Structures are given as C-alpha cells and as structure tokens.
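Listed below, chain by chain, are the residues.
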Amino acid sequence: MKKNKYIFVLLLLISITVVCSIGTFFYVKLNNEQVAKEDEILVMTSCNPVYIATLNLLDGVEGYKVQNLSQPTTGCLHDYTLTTEDMKNLSKADVLIVNGGGMEGYLDDVVAAYPDLKIIDTYEAIEHSDGFIGMDEYLIEEDEEESHEEEDEVSEHHHDHGANSHIWMDDRLYACQVAAIANELMGPNPNREETPISKNFFEYSHKLDNEIDKQGLDVAVANENVAILHEAFAYTAQSLGANVVATMDLDEERQVSAGEVSAFIDEIKEHNVKLVFAEYDYGKSMGDLIEEQTDAKVVYLETLVHGTYDKDSYIFVQNNNYMKIKETL
C-alpha cells in the first residue's frame, strides 16, 4: 500500500514536469513567433489598385506584411477620412504606398503625425520620371525601344489630364505604378535583379501585358469621340485611343443644373458621340436621359476603387470593363 503511494506521487511529479515542459515549449514558440511578426516590414496601402499592385510584388516574399487602409463603401477616395483603426495601423507601419495626385486628401495629416514614415507616391514617381519609371534593367531587351515610345506617349496624355489622379484606369500607367513601387521597395540593392521582388515584378508585368484583353477596342474605338460621366474614365478612353469630348464628373455630392445637362447633351450631339462611359451608382439617371435624347449608348464601368482584394482583380475588372464596351458597340 505504502509502495503504491510512492508510485502515485512519482507519477504525479512526472506528469507535472511533462506538463510544465510542454507549456514552456509552447510559450517560447509563441513568443518567438511574436518576435518574428514584429520583425516583419508592415507595408500599408491607401487604396485597392495600389494594394493589388503591392500584393503581387510582395507575394511570397518573406519578411513583409501588406495591409490596406479602411476603404469607403461608397463614393470616391478624395473625401475619405482616416479612422482610428487606420491611425493605429499607420503608427506601426514601416511604409505607406499611395496613389498620389491628390487622391488621398488625408496625406498631409499622415505626414504631420508620422514624419518618419516612408511614403511611396506612385503619381509623383510618374511625374518626376516623365512617365518612365527608370526600370531599364528590367525591360526585355528587344522591347526596350517600343516601351520607351509607349511610355512617352502615355506620359504626354497623363500630364494633359492634370489633377485627374485615377491613373490606374489606363493599364499602361498602372504598369508604371507597379514599377515605381518595385523600385522603391527594392531600394539601392545592388543585386536587385536577383531579389524575389524583382522576380514578382517581372511576372506581374508580363501578366498585365499578356492577360489584359482590350478585345480589339484599341482599334475599333481609336480616334472615336466619347463622353464620360466620371473623370476616372478619361483614362479608360485614353487607353483605347478615344477622344473625350464631353465630361460630367458625377458623385454622391454633385448637384447638376438643368443648364449643365442641356450643354452636355448638346456636346454629345454636336460631336456625334456614340459611347458614354459612366459609373452605375451615380450615372444611371443621367445615362437614361442621354439614351432618351441622343443616339449614344451608355456603358457602365467599374473604377476599381471598391471591390475584392484578390491579387488578380485588377486584370479581371479591366477585362470586364472592356467586354462591356465591346458588347455595347
């Protein structure tokens, strides 16, 4: 009986030792994981198009975490105000990547609150590079001359639009944004061509080149006159070589007078416009009126400001937009 008691105590002590060892193991493991997470470079992005670009560039790259700021469920990014959660996330961020060009109206507040935060402004990068991001070492050799010519043409159109910062709607300018982000993330690395980010840049650039399907619209719509009901679609028209002859930028706060409507309708008739690009939420009623009073057809497109955060969503939405235009012709 006394022997059984000793055996019981011994087993109890062994059990306690095992439990404590396991607990210590998991505590150390969890603590190490937490330290590893703290060592990650937190990259915050300001909007869906920039987030998608960054997600593709850092896909599978160790040591980075990509997170997008909160997004408005309706309306444009111009009027978005940062939430408390946004500010909390920015306090922990190492990099903030923005579209720029005035799209993020809160940017001055961020700079004031976090003066040491590295900010990558893609619009500014394109402005300063005259439309070419300086990725010479990443351009395929046989396409280098053609790429320079195309980028110069895109840059010229881009500057013509001035304050219109929806540059991602032209896939050629979006490719410039992707290059600008890659350049800044890789920094002065002397072996940048061997980095995972460089590999992802190549892969995503080729994907944009090969998988965006304009379905012949860059021939069918080239030099045709179009009208737009959202300034973002000036870049859609630009990507197809179409001429924007009438613009009415509609949003949730825009109050349109009868005189403006009449003048817009007159422009459509005068320039023999057959296509009008609009966003459904704010352009539907005006679109109905246009189709009642003119021969133009209204096609409702997505701006990519809202939507899913899937890394292939840019290509999907652009192709869907081009398909809608094709079906309207």
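Residues numbered from 1 in each chain as written. Predicted model: local features only at pLDDT ≥ 70, side-chain atom pairs only at ≥ 80, totals over all residues. Heavy atoms only, no water.

A look at the nonpolar core
- In terms of nonpolar packing, the biggest core is built from 56 residues, with Y174, F277, Y314 and I325 touching the most fellow members.
- In terms of residue count, helix α7 (residues 171–186) provides more of this core than any other element does, nine residues in total.
- When near neighbours in sequence (up to four residues on either side) are disregarded, Y314 contacts I52, W168, D170, D171, Y174, Y204, L208, I212 and L304.
- The next biggest cluster of nonpolar side chains, apart from the first, holds 17 residues, and it includes F264, I268, V276 and I290. (Core = buried A, V, L, I, M, F, W, Y, C linked by side-chain atoms within 4.5 Å. Buried < 20%, exposed > 50% of the residue type's maximum accessible area, 1.4 Å probe, protein only. Helix = DSSP H or I, 4+ residues; strand = E, 2+ residues; numbered from the N terminus. Contact = heavy atoms within 4.5 Å.)

Side note on the pairing of strand β7 (residues 275–278)
- Of the two faces of β7, the one carrying L275 and F277 and the one carrying V276 and A278 are both buried.
- Where strand β5 (residues 225–228) meets β7, three bridges bridge the pair, whose relative direction is parallel. Paired with V226 across the strands is L275, a residue of β7.
- One ladder, built from four bridges, connects β7 with strand β8 (residues 297–300); its direction is parallel. Its bridge partner being in β8, L275 is matched across the sheet by K297.
- Where the polypeptide runs from β7 across helix α12 (residues 280–293) and back to β8, its parallel neighbour, the crossover connection is right-handed. (Pairing = 2+ DSSP bridges. Right-handed = clockwise from strand over helix to strand, strands pointing away.)

Observations regarding helix α3 (residues 84–92)
- Considered for burial, the residues of α3 that qualify are D86, N89 and L90. With its buried residues spanning 100° around the axis, α3 presents them on a single face. What points out from α3, more than 90 degrees from its buried face, is the exposed set T84 and K92.
- Tucked inside the fold, the buried residues of α3 contact β1 (41–45), β2 (64–68), β3 (95–98) and α4 (107–113). (Arc of directions from axis to C-beta.)

Notes on the sheet that holds β3
- Here four strands make up an open sheet; going across it, the order is β2-β1-β3-β4 and the pairing parallel. A single partner strand is all that each edge strand has here, and the edge strands are β2 and β4 (118–121). Pairs of neighbouring strands in the sheet enclose a mean axial angle of 20°, with direction left out of account.
- In the sheet, β1 pairs with β3 via three bridges, with the strands oriented parallel. In the strand pairing of β3, T45 is matched with I97.
- Packing of α7 onto the sheet brings it into contact with β2, β3 and β4, and relative to β4 it is tilted by some 155°. (Axes fitted to C-alpha atoms, helices over the stretch in contact; angles between N-to-C directions.)

Regarding the pattern of salt bridges
- For the coordinates displayed, the defined rule picks out seven salt bridges.
- Residues K207 and D312 are paired through a salt bridge, measuring 2.9 Å at the closest nitrogen-oxygen approach. Note that K207 is positioned in helix α8 (residues 196–211) and D312 in the loop between β8 and α13 (313–328), a separation of 105 residues in sequence.
- With a relative accessible area of 29%, D312 lands in the partly exposed category. (Salt bridge = Lys/Arg side-chain N within 4 Å of Asp/Glu carboxyl O.)

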